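Okay, here's what each chain looks like letter by letter:
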Amino acid sequence: MGFYWIKTHSIIKKLFSKYVWDLPNNENEIYLTFDDGPTPQITEWVLEQLHQHNAKATFFCIGKNIEAYPLIFTKIIKIGHHIGNHTFNHLNGWETTTEEYSANISLCDDSISNLILEANNKKSKIFRPPYGKIKPKQAKEVLKQGYKIIMWDVLSADFDQTISKEKCLKNVISKIKPGSIIVFHDSVKAFKNLEYALPKVLDYLDENNFNYETI
């Protein structure tokens with residue numbers, strides 16, 4: 001795997017201050033997020049784990065997956081979780097023109113809008129760039145469209161198949177603080193680590209009196 005930070009460095013947060021990296025607070029609130037779904041069985045498993053802990057989360061969904069699995073997508077909304085845009089095709093912004101990137105976000109927005117209207121829910125204007133890779137011109141366009149760009153404070157690295165499930169768990173519980181935005185993935189590739197780490201993370205958060213909030 002390429003280099004990545006488990007805990008986003010404070011210098012990065014300052015350099016890219018227009019992006020949301022965390023949401024500091026005095027109420028012990030944290031923000032669980034899940035990228036790349038909806039994914040059959042896996043997203044539904046995640047929803048059940050969250051339900052057992054009365055936890056709410058924010059799901060950054062891929063447009064093509066929304067269209068493939070609309071019932072799972074609407075279930076996420078109807079039980080009180082929030083939705084974010086993660087492009088239609090999980091594009092790497094560094095390898096994509098600004099025009100193509102913006103159009104792909106709009107395609108995902110259309111997929112979200114259609115189903116959110118059916119669910120009688122409000123659409124949120126939050127966006128997370130796949131891989132965290134977005135060019136300055138792309139970011140400027142996304143912000144111009146009224147989105148908040150949501151990054152993260154703690155990366156579980158559940159997607160990294162070279163790390164152990166125990167390491168995935170440690171990545172999260174050793175770095176959490178009030179206001180942390182934490183990234184998991186409800187994807188096939190991540191599930192080996194996610195299946196082990198998520199229930200234990202939820203237990204840890206409960207035991208340490210953290211409160212779950214959505215973005």
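About the thresholds
Residues numbered from 1 in each chain as written. Predicted model: local features only at pLDDT ≥ 70, side-chain atom pairs only at ≥ 80, totals over all residues. Heavy atoms only, no water. Helix = DSSP H or I, 4+ residues; strand = E, 2+ residues; numbered from the N terminus. Rg over C-alpha atoms; globule rule 2.2 N^0.38 Å. Buried < 20%, exposed > 50% of the residue type's maximum accessible area, 1.4 Å probe, protein only. Contact = heavy atoms within 4.5 Å. Areas by Shrake-Rupley, 256 points an atom, 1.4 Å probe, with all protein chains shown as cover. Lys, Arg positive; Asp, Glu negative; His and termini not counted. Charge placed at Lys NZ, Arg CZ, Asp CG, Glu CD. Arc of directions from axis to C-beta. Patch = residues over 30% accessible without salt bridge, like charges linked within 9 Å, V, L, I, M, F, W, Y side chains within 5 Å. Salt bridge = Lys/Arg side-chain N within 4 Å of Asp/Glu carboxyl O. Polar contact = N/O pair within 3.5 Å; in protein donor to acceptor, adjacent residues only side chain to side chain. Phe/Tyr/Trp six-rings, centres within 6.5 Å; stacked < 30°, edge-to-face > 60°. Lys NZ or Arg CZ within 6 Å of the ring centre and 35° of its normal.

Novice: Would you mind showing me how to read the overall build of the chain here?
Specialist: When helices and strands are counted, the chain shows eight helices and eight strands. Its C-alpha atoms give the chain a radius of gyration of 16 Å, near enough to 17 Å, the size a compact globule of 215 residues would have. Here the C-alpha coordinates of the chain stretch approximately 45 × 40 × 35 Å along the principal axes. Put simply, the chain has 215 residues, and 54% of those count as buried. At a minimum sequence separation of 6, the contacts of the chain that also span at least 24 residues come to 76%. When the accessible surface of the chain is summed, it comes to about 10,500 Å², and 52% of that surface belongs to carbon and sulfur atoms. Of note, the chain has its 26 positive side-chain charges centred 6 Å away from the centre of its 25 negative side-chain charges.

Novice: I'm lost on helix α6 (residues 136-144) in this one. Help?
Specialist: Note on helix geometry: an α-helix contains 3.6 residues per turn, so any two residues three or four positions apart are oriented the same way. Within α6 the residues assigned to the buried category are Gln 138, Ala 139 and Val 142. End-on, the buried residues of α6 take up no more than an arc of 100 degrees, which puts them together on one face. For α6, the exposed residues lying more than 90 degrees away from the buried face are Pro 136, Lys 137, Lys 140 and Lys 144.

Novice: Even after reading the chapter, I still don't get a nonpolar patch on the surface, so can you show me in this structure?
Specialist: Together, Ile 11, Leu 15 and Phe 16 give the surface a local cluster of nonpolar side chains, amounting to about 310 Å² of exposed area. Position of Leu 15 among the secondary structure elements: in helix α1 (residues 10-15).

Novice: Help me out: how do you make sense of unusual backbone geometry in this one?
Specialist: With glycine set apart, most residues show a phi of negative sign, and most peptide bonds adopt trans. Here Gly 37 and Pro 38 are connected by a cis peptide whose omega angle stands at -5 degrees. Checked against the element boundaries, Pro 38 lands in the loop between β1 (29-35) and α2 (42-52). In this model, Asn 209 sits at a positive phi of 60 degrees, which is unusual for a non-glycine residue. Here Asn 209 lies in the loop between α8 (191-207) and β8 (211-212).

Novice: What exactly am I supposed to notice about the side chain of Thr 8 here?
Specialist: Mapped onto the secondary structure, Thr 8 falls in the segment before α1. Thr 8 gets classed as buried once you look at its relative accessible area, which sits at 7%. Within the local environment of Thr 8, its side chain forms a polar contact with the backbone oxygen of Trp 152, the two atoms lying 2.7 Å apart. Dropping the residues within four chain positions of it, Thr 8 is found in contact with Lys 13, Trp 21, Trp 152 and Asp 153.

Novice: So what exactly am I meant to see when it comes to the packing of aromatic side chains here?
Specialist: What describes a pair of aromatic rings is the distance from one ring centre to the other and the angle between the planes of the rings. One pass over the structure, following the stated rule, counts eight aromatic pairs. Plain terms: the ring middles of Tyr 19 and Trp 21 are 6.2 Å apart, the flat faces sit at 40 degrees to each other, and that makes the pair tilted. Judged by its relative accessible area of 12%, Tyr 19 is buried. Aromatic side chains Phe 127 and Tyr 147 sit 6.3 Å apart centroid to centroid with 65 degrees between the ring planes, which places their arrangement in the edge-to-face category. Taken as a pair, Phe 127 in strand β4 (residues 126-127) and Tyr 147 in the loop between α6 and β5 (148-149) lie far apart in primary sequence, 20 residues in all. Looking at Phe 127, the relative accessible area reads 0%, which means it is buried. The exposure class of Tyr 147 is buried, given its relative accessible area of 4%. Ring pairs connect the aromatic residues Phe 16, Tyr 19 and Trp 21, which therefore count as one cluster. Directly above the ring of Tyr 147 sits Lys 125, whose terminal nitrogen or CZ lies 3.9 Å from the centroid. Over the ring of Tyr 196 we find Lys 200; its NZ or CZ atom is 4.2 Å from the centre of that ring.

Remember, this is a structural readout, not a statement about activity or role.
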